[in-house]
Amino acid sequence: MTKPRWYLLFALLFLPALAFGGGQGGGAAPGGPVTLEFVVWSYNIATVQDNIAQFEKAHPDINVNLTDYPWTQYHDTMVLRLKGKTQTDVMYNGEDWLPEFAAAGWVASLEDYFPDVKKYKDKTASYALADMTYNGKLYGLSYYADLITFQYNKKILNANGMAAPKTWDEVLSESLKLKAGGMKNPFCYEYEASLPNFYSAFASQVYGRGGSLFDDDLTAVLNDPNGEAFKHLQWLQDARVKHDILAFESHETKVNVAMNTGQHVFTVMYNYMLAAMNKPPQAHAGEFDMTTMPGKAGACLGFAKFYCMTQQAAEKEAQRNAAWTFIEAFGGGDYKVAKRWAVEDGLGFAALPLFDDPDVQAAFATWIDVDKFKAQAKLARNDVNPEWKGMWSEFFRPLMAKAFVGGATVKEVMDQGAAKWNEYKKLLGK
Amino acid sequence: MATRDMSRYPIEWLFPVLIMVIVFTVYPFGYALWNSFFQILLILPVKPFVGFQNYVDVVSSIYFREALFNTLVFTIITAPIIVIIALGVARLLLTKFVGRSIVRAVVLLPWAMPGAVSGIIWVWIFHSRWGVLNALLLKLGIISSYIPWLDHPILAKFSVMVAHIWTQIPFASVLLMAALSIINKEIYEAAEVDGAGPARRLFSITLPQIKGMMIIALIYESIMGLTSYDLTYSMTGGGPGGATTLVSYYVWAESFKMLQFGRGAALGVIVALLTLALILLIMRAVPGEITVKE
Amino acid sequence: MGKKIAIYFFAILVFLFSAGPLLLTFIGGIVPEKVLLSVPPRWFSMKPTLSYYEYIFTGKVPEAYEDRGAARAMVSEEARFIPRAMLTSATIALAVMGVNIVFGSMAAYAFARIRFRAKAPTFMGIIMCRLVPASALVVPFYLIVQSLGLLNTKIALILVHSLLTLPFTVLILTMFFRKIPIEIEESAIVDGAKPLQVFRKITLPLSAASMVATGLFAFMLSYSEFMYSLVLGGSQRTRTLPIVMTSLIYNPDMIWGMIMSGVFLTLIPSLILAIIVWKFVVENIVLGAMKY
C-alpha cells in the first residue's frame, strides 16, 4: 500500500458512518394515524415497549414513539427538551417537578380538557392525588406511587434479641446495642446532597415524628428549635458525630450492596428498594422487612410519578385526544399497566383497588409484610411542593449534608434554609 | 522554517475546521455571555437585565468558595503528576522488554471508559466498608482495620484524584510517546560519547526536545481537571459534607436544577476565564514553541 | 542488570495500576452475586458463572433469579441494550476519528507551514472553544442542532464530538508537523512541489504515527463522551454506551455482576483498536525515525 492511500482509507472509514448516521426519524405522518411522542426515564424500557405495543394494537390509529433518558438526568434533560420546544406529547412527571413545569407553561391540566378524569380521584391514594394536582387541577394519572419507609434486617435484629424500633430513641438504643455487639455502623444512610430524595427521606422521617417543615400557608417552620424537623436533624447529627452509628452510601443501589453485606441493620429508602434488597441471589436476600416509621405519628412520605400531557399536545385537538386515550390506558382504566409494574417489579401504586388485588398481594408477600405496607400507606403524607421547591431543595441539601457531619450547626442550617424558603415565597408565591 | 510567502488566508486547508468552530463556538459563547447579564429564572416570564449581578451572586454563594478551592487543588495536583507519570510510562513503553505489547495495549484501556463507569469501579476499590483495596491491605497485614477512603474529607479528595489520574494517564502517555519517538537518536549517541549519564541526558536533551508536547499535555490535563465532573460525583457525590464538590457541577446545577440560567451562564464564563488564566500561566512559565508567532 | 530489573519492576507496576481495576471488572462479571460483595471477599468459594453475559446477549434470565421470591423480573433490562449501544458508540467514534485525522491534519499543516495573516487569532479561536465548560454551552448547542434538524441522529453526535476533539488535534498535529526537519520539505519545494504535494507525500507519511495517535485520542474521547450524547439523543437509534452504562449503574434493579460484565464487554472494541493501532504506530515510528 503506497503511503498516501491509507489516508484515503481513513476517509473511507468514516464516510459509511456518516451515511448511517444521517437521516432523522419522526416527523408527522401525512394525515392518518396520530403520532405521540412519549418520553420516559430509562427504567425497564422493554416492559414499556411491550405495554406500548399492546396499546397500539388496541388503538391502530395512534403511533407511539418512545424516547428515554437515564433517571438521574431525567429532570435536567426534560428542562432542556421542553425549553427547546422539541415535540413532546406525553411524559413521565414527578411530584417535585409538576409545579415548576406547570408554572413554566410546559404541561397542561387533564382536568381542563377532559373533565372525565375526575372519576379517578376517589380511587387514588390521597398523597398521590395531592402530588398530581396543581392549583386545584389534576394533571395526570399515576405511573407508580410509593413511600419512603423505614427498612431493617429483621433476621439480624431478631437474632440480637430485639424487635423493630418504634421511636427514634429506640433506634438509637438498639443501634448502640448492636454496636456494642460488634456492628460498627448499624444504620446505613443514603447520604448524597445532589439527590432530591436526600431531602425527601429527611421529610419522611420528620413525618414519622409527627412534625412538619412548613405550615399551612407555606411559611417555613423547620427552624423552630422545638419543632420535630429541628430535633430530627439534631438526632441525625448526633447519630453520626457523637454516637457514630451512621454509615453513608451515596446512592440507593450502594445501600443495597451495603445492607447485603450484613454489616448494617437499619435504613430509610424508597419502599421498592426493599424488593431489590430481598431479591434472591444476594447474600442476605429475604431477611429484610419494613416497619412503621419510628416516631409518635408513624406517618411517612408518599409520592407519585405520573403520566402527564404537555401544553404542546394540548394545543392540537387530535394530539390531545390521543394523549388522553394513552394516559387513561396506562394510568387509569382497569389499572392493568400499574398492576404489571407492581407484580413484576415491586413498584408501588396509587390505585386504591390494587391494594386488595389478590395477584398484587401475592406478589408483594414475597418481599414485604403486606398488612404493614397497607397500614403505612394509609398514614402516608405527601410533601409540600410549591413552584420553588426544586430550587430551594438544591440550595438546602448541601447545607443539610454539612450538618450531618458536624460542619455546621443545626441552627445555622435550619435558619439559612428557612430564610431562603421565605425569600422564594416572597418572590414567587401568590 | 519552510513558509510560503503568501499572506492569502489558506482557507482551503482550514475551511472545515473553521466552519465548525465558528458555528459551534462563536454563537454559543456569545449566547452564554449574553445570558449571563440577565436574570433568567425559568418559571418567571420576565428576564430583566442585571448587569454583573449574576457574577456577584455566583461568587458570593455559599458553595462557590469551597467548590473553587476543591477544583483548583484537584487540577493543580493532578495535572503535573499525570504528565510526570506519563513521561515515565512513555519512556518505558519505548524500551524493549518481554511483554511490552501487552502492557502497551493495557495502558490505553482506562481511556475508553466513561467517567461514571470508571467511578463505579473505583468505588468498589476504595469503598470504606466493602472495598477491595481495604480487603487486600487487611489480608496483606498492612492495616489492621479498614481505612475510610471515601468517608474522610482528605482521603476522599485523595481517592478521587487517584481515580482521575488513572483515567488520564493513557492520553498523556500516548502523546509523550509520539513526542519521544521523534527525537533524533544521534543526539543521544553524541551525548553518551561525551560521557553524559542518564540523568544528564534526561534534563539536557529529552526534556527540552519534548517541552512543547509536555506543555500541551499539561494544558489539556488542566482543562480536564477544571471541567471534571462525572468521575468524582459518581464516586462521592460531592464527598463527605462538600469535600469533593467541584465547580463544574454547579455550572450545570445552576441552570438545570436551580433553573437560574443567567447565573449558570455567568459561572460558565468565570470558569472559562479561569481556564484561560491557567493556560496563560503555564505558557508563561515555560516559554514554548507553540505560540504561533511568525 | 540492575537496569533490567528496574524496567521489569516498573513495567509490572504500570501494568497493575492500569489493568488492576479492569481485572476487577473481569472477576466481577463471572463471580456469582452471592459471594461477590461479601465482606471479607470470598470470591472463589462458588463456581464462576457466565450467566450475566448470557443474559446480555440472549435475554435468558440467570438461574439464580429463578429462585423463590421477590419481584421475579427485577433484572436490569437495560443490560440487553449493551451490544447495540457498543456498536453505535464505535461507529460514531470511528467517524469522529476520521474527521479529526482528515480535517485536523489539514488545518494543522496550514498552521505549521503556511504563513498567513491572522494566524494567531485563528489559532487561539480554535483552541478557545475548549475553554468554556461544556455544561455552559449545552443550551446553545442543543438549539443549533435542533435548528439543523439533527436532533436524535448519529450525525449530530459525530459533529459535536468532532468539535470537542478538533482543537486538541490541531494543536498537537501542528506541533508534530513543525518537528519534521525543514530540509526535507525545502528540497521538495526546490524541486517544484506545491504545498498539497508536500503535505501528501512528505508530511503525512512522516507523521503517520502521531496522526494515528491523535486519531486514537479522538476515538476514545468520543467513545466515552456522556453529556452531549445524553441531551442530543434519546432513542434506541442513538443510544451510546455511556448512556446505557449510566442507566445500568443507577437502576434500582442493579446487579453488581451484571454491571461488571457490561463494563468488561465495553473494553473489547477499545482493546482491539488499541492492538491494531499500536502495531501500526510502532511500525511507523521505526520507519519514520529511519527516514530522518
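Residues numbered from 1 in each chain as written. Chains lettered and ligands numbered in written order. Predicted model: local features only at pLDDT ≥ 70, side-chain atom pairs only at ≥ 80, totals over all residues. Heavy atoms only, no water.

Describing the overall build of chain A
- Helix and strand counts for chain A come out as 20 helices and 12 strands.
- Against the globule reference of 22 Å for 430 residues, chain A gives a C-alpha radius of gyration of 24 Å, in line with a compact fold.
- The C-alpha extent of chain A, read off along each of the three principal axes, is 70 × 70 × 50 Å.
- Within chain A, the fraction of its 430 residues that count as buried is 62%.
- Excluding contacts between residues fewer than 6 apart, the proportion of contacts in chain A whose partners are at least 24 apart in sequence is 74%.
- For chain A, the accessible surface area stands at approximately 15,100 Å², while carbon and sulfur atoms represent 54% of it.
- Side chains of chain A carry 42 positive and 49 negative charges; the gap between the two charge centres is 4 Å. (Helix = DSSP H or I, 4+ residues; strand = E, 2+ residues; numbered from the N terminus. Rg over C-alpha atoms; globule rule 2.2 N^0.38 Å. Buried < 20%, exposed > 50% of the residue type's maximum accessible area, 1.4 Å probe, protein only. Contact = heavy atoms within 4.5 Å. Areas by Shrake-Rupley, 256 points an atom, 1.4 Å probe, with all protein chains shown as cover. Lys, Arg positive; Asp, Glu negative; His and termini not counted. Charge placed at Lys NZ, Arg CZ, Asp CG, Glu CD.)

Considering the overall build of chain C
- Along its length, chain C carries 13 helices and 0 strands.
- Reading the secondary structure of chain C in the N-to-C direction produces α-α-α-α-α-α-α-α-α-α-α-α-α.
- For 292 residues, the compact-globule estimate of 2.2 N^0.38 gives 19 Å, and the C-alpha radius of gyration of chain C, at 24 Å, exceeds that figure by more than 25%.
- Dimensions of chain C, computed from C-alpha atoms along their principal axes, come out at roughly 80 × 65 × 30 Å.
- Among the 292 residues that make up chain C, the fraction classed as buried is 66%.
- Surface summary for chain C: the accessible area is close to 10,300 Å², and the carbon and sulfur share equals 69%.

Quick notes on the packing of helix H9 (residues 197-208) of chain A against helix H19 (residues 389-404) of chain A
All names here are of chain A.
- Contact pair H9 / H19: the axes reach a minimum separation of 9 Å and the direction vectors enclose 75°. Taken together, the axes of H9 and H19 are roughly perpendicular relative to one another. Side by side, H9 and H19 meet where Phe-198, Tyr-199 and Phe-202 of the first sit next to Lys-389, Trp-392, Ser-393, Phe-396, Arg-397, Met-400, Ala-401 and Phe-404 of the second. (Axes fitted to C-alpha atoms, helices over the stretch in contact; angles between N-to-C directions. Parallel < 35°, antiparallel > 145°, perpendicular 65-115°, else oblique.)

Overview of the packing of aromatic side chains
- Throughout the structure, instances matching the rule amount to 91 aromatic pairs over all chains.
- Against the face of A:Tyr207 rests A:Arg381, its NZ or CZ located 3.8 Å from the ring centre.
- One cation-aromatic arrangement involves C:Arg239 over C:Phe81; the distance from NZ or CZ to the ring centre is 5.0 Å. (Phe/Tyr/Trp six-rings, centres within 6.5 Å; stacked < 30°, edge-to-face > 60°. Lys NZ or Arg CZ within 6 Å of the ring centre and 35° of its normal.)

Side note on the pattern of salt bridges
Residues and elements named next belong to chain A.
- Counted by the stated rule, this structure contains 29 salt bridges over all chains.
- For Lys-119, the salt bridge goes to Asp-116, with nearest N and O atoms at 3.3 Å.
- What makes Lys-119 partly exposed here is its relative accessible area of 40%.
- Residue Asp-116 is classed as partly exposed on the basis of its relative accessible area, which comes to 44%.
- Put simply, Lys-119 and Glu-328 hold a salt bridge, and the shortest N to O gap is 3.4 Å. (Salt bridge = Lys/Arg side-chain N within 4 Å of Asp/Glu carboxyl O.)

Examining the interface of chain A and chain C
- Counting residues at the interface gives 60 residues for chain A, matched by 67 residues for chain C.
- Carbon and sulfur atoms supply 66% of the area buried between chain A and chain C, which totals about 5,300 Å² over both sides.
- Our count for the contact surface shared by chain A and chain C stands at 1 salt bridge.
- At the boundary of chain A with chain C, the tally comes to 11 residue pairs in polar contact (both at pLDDT 80 or more). (Buried area = accessible area lost by both parts, 1.4 Å probe. Polar contact = N/O pair within 3.5 Å; in protein donor to acceptor, adjacent residues only side chain to side chain.)

Quick word on the pairing of strand S1 (residues 34-41) of chain A
All names here are of chain A.
- Here S1 lies mainly inside the structure; 8 of its 8 residues are buried.
- Two strands pair when backbone bridges link them, and S1 and strand S2 (residues 62-69) are joined in this way by 8 bridges, in the parallel orientation. The residue bridging Phe-38 from the neighbouring strand is Leu-66, located in S2.
- In the classification by handedness, the crossover that spans S1, the intervening helix H2 (residues 45-58) and the parallel S2 is right-handed.
- In this sheet, strand S3 (residues 90-94) lies alongside S1 in parallel orientation, the contact comprising 2 bridges. In the strand pairing of S3, Phe-38 is matched with Val-90. (Pairing = 2+ DSSP bridges. Right-handed = clockwise from strand over helix to strand, strands pointing away.)

Quick word on the nonpolar core
- Counting 373 residues, the largest nonpolar core has A:Phe38, A:Tyr92, A:Phe187, A:Tyr307, B:Trp124, C:Tyr228 and C:Trp256 as the members making the most contacts within it.
- Aside from chain neighbours lying at most four places away, what touches C:Tyr228 is C:Ala134, C:Leu137, C:Val138, C:Phe141, C:Leu157, C:Val160, C:Leu164 and C:Gly233. (Core = buried A, V, L, I, M, F, W, Y, C linked by side-chain atoms within 4.5 Å.)

With respect to a positive patch on the surface
- Positive charge collects at one region of the surface, where B:Arg91, B:Lys185, C:Lys3 and C:Lys4 lie side by side.
- Within the secondary structure layout, C:Lys4 lies in helix H1 (residues 2-30). (Patch = residues over 30% accessible without salt bridge, like charges linked within 9 Å, V, L, I, M, F, W, Y side chains within 5 Å.)

Here we look at the interface of chain C and chain B
- The partner chain B presents 93 residues to the 105 residues of chain C that form the contact.
- Taking both sides of the interface into account, the surface hidden between chain C and chain B amounts to around 9,300 Å²; carbon and sulfur atoms contribute 82%.
- The three residues of chain C that bury the most area against chain B are C:Arg115, C:Leu131 and C:Trp278, which together make up 8% of that side's buried surface.
- Summed over the shared surface of chain C and chain B, the result is 0 salt bridges.
- Of all the elements, H1(C) adds the most residues to the side of chain C that touches chain B, at 15 residues.
- Along the lines of polarity and charge, the residues of the side of chain C that touches chain B split into 82 nonpolar, 13 polar and 10 charged. (Nonpolar A, V, L, I, M, F, W, Y, C, P; charged D, E, K, R; others polar.)

Quick word on the pairing of S3(A)
Residue and element names in this part refer to chain A.
- In terms of burial, S3 is largely enclosed, as 5 of its 5 residues are buried.
- Neither face of S3 is left uncovered, since the one carrying Val-90, Tyr-92 and Gly-94 and the one carrying Met-91 and Asn-93 both have all their residues buried.
- Sheet topology places S3 next to strand S12 (residues 301-310); 5 bridges connect them, and they run antiparallel. By the bridge assignment, Met-91 is partnered in S12 with Cys-308.

A closer look at the environment of C:Pro242
- With respect to the helices and strands, the residue C:Pro242 is situated in helix H12 (residues 241-250).
- Residues C:Pro242 and C:Met86, spaced 156 residues apart in sequence, show a C-alpha to C-alpha distance of 9.0 Å.
- Those residues in contact with C:Pro242 that lie beyond four places of it in its chain are B:Pro114, C:Ser89, C:Tyr223, C:Ser224, C:Glu225 and C:Phe226.

Some details on the side chain of B:Asn70
All names here are of chain B.
- The residue Asn-70 is located in helix H3 (residues 64-94) in this model.
- Within the local environment of Asn-70, its side chain forms a polar contact with the backbone oxygen of Ala-243, the two atoms lying 3.1 Å apart.
- Ignoring any residue separated from it by four or fewer positions in sequence, one finds Asn-70 in contact with Lys-157, Gly-242, Ala-243, Thr-244, Thr-245 and Leu-246.

Observations regarding a nonpolar patch on the surface
- On the surface, B:Ile11, B:Phe15, B:Ile19 and B:Val23 cluster together into a nonpolar patch covering about 330 Å² of accessible area.
- By the secondary structure assignment, B:Phe15 is in helix H1 (residues 11-35).

Thoughts on the confidence of the model for chain C
Residues and elements named next belong to chain C.
- Per-residue confidence for chain C gives a mean pLDDT of 84, with 93% of residues at or over 70.
- At the level of individual helices and strands, chain C shows its lowest average pLDDT in helix H13 (residues 256-291), which scores 75, and its highest in helix H11 (residues 227-231), which scores 94.
- The complex model carries a pTM of 0.90, and its ipTM stands at 0.89. (pLDDT = per-residue confidence, 0-100.)

Concerning helix H10 (residues 228-242) of chain A
All names here are of chain A.
- The first and last C-alpha atoms of H10 sit 20 Å apart over 15 residues, in line with the 21 Å expected at 1.5 Å per residue.
- Restricting attention to buried positions, one finds in H10 the residues Glu-228, Ala-229, Phe-230, His-232, Leu-233, Trp-235, Leu-236, Gln-237, Ala-239 and Arg-240.
- Looking at the buried residues of H10, the elements they touch are helix H8 (168-180), strand S8 (187-190), H9, strand S9 (246-249), H19 and helix H20 (410-428).
- After H10 finishes, the residue Asp-244 shows a positive phi value of roughly 55°. (Expected span 1.5 Å × (residues − 1).)

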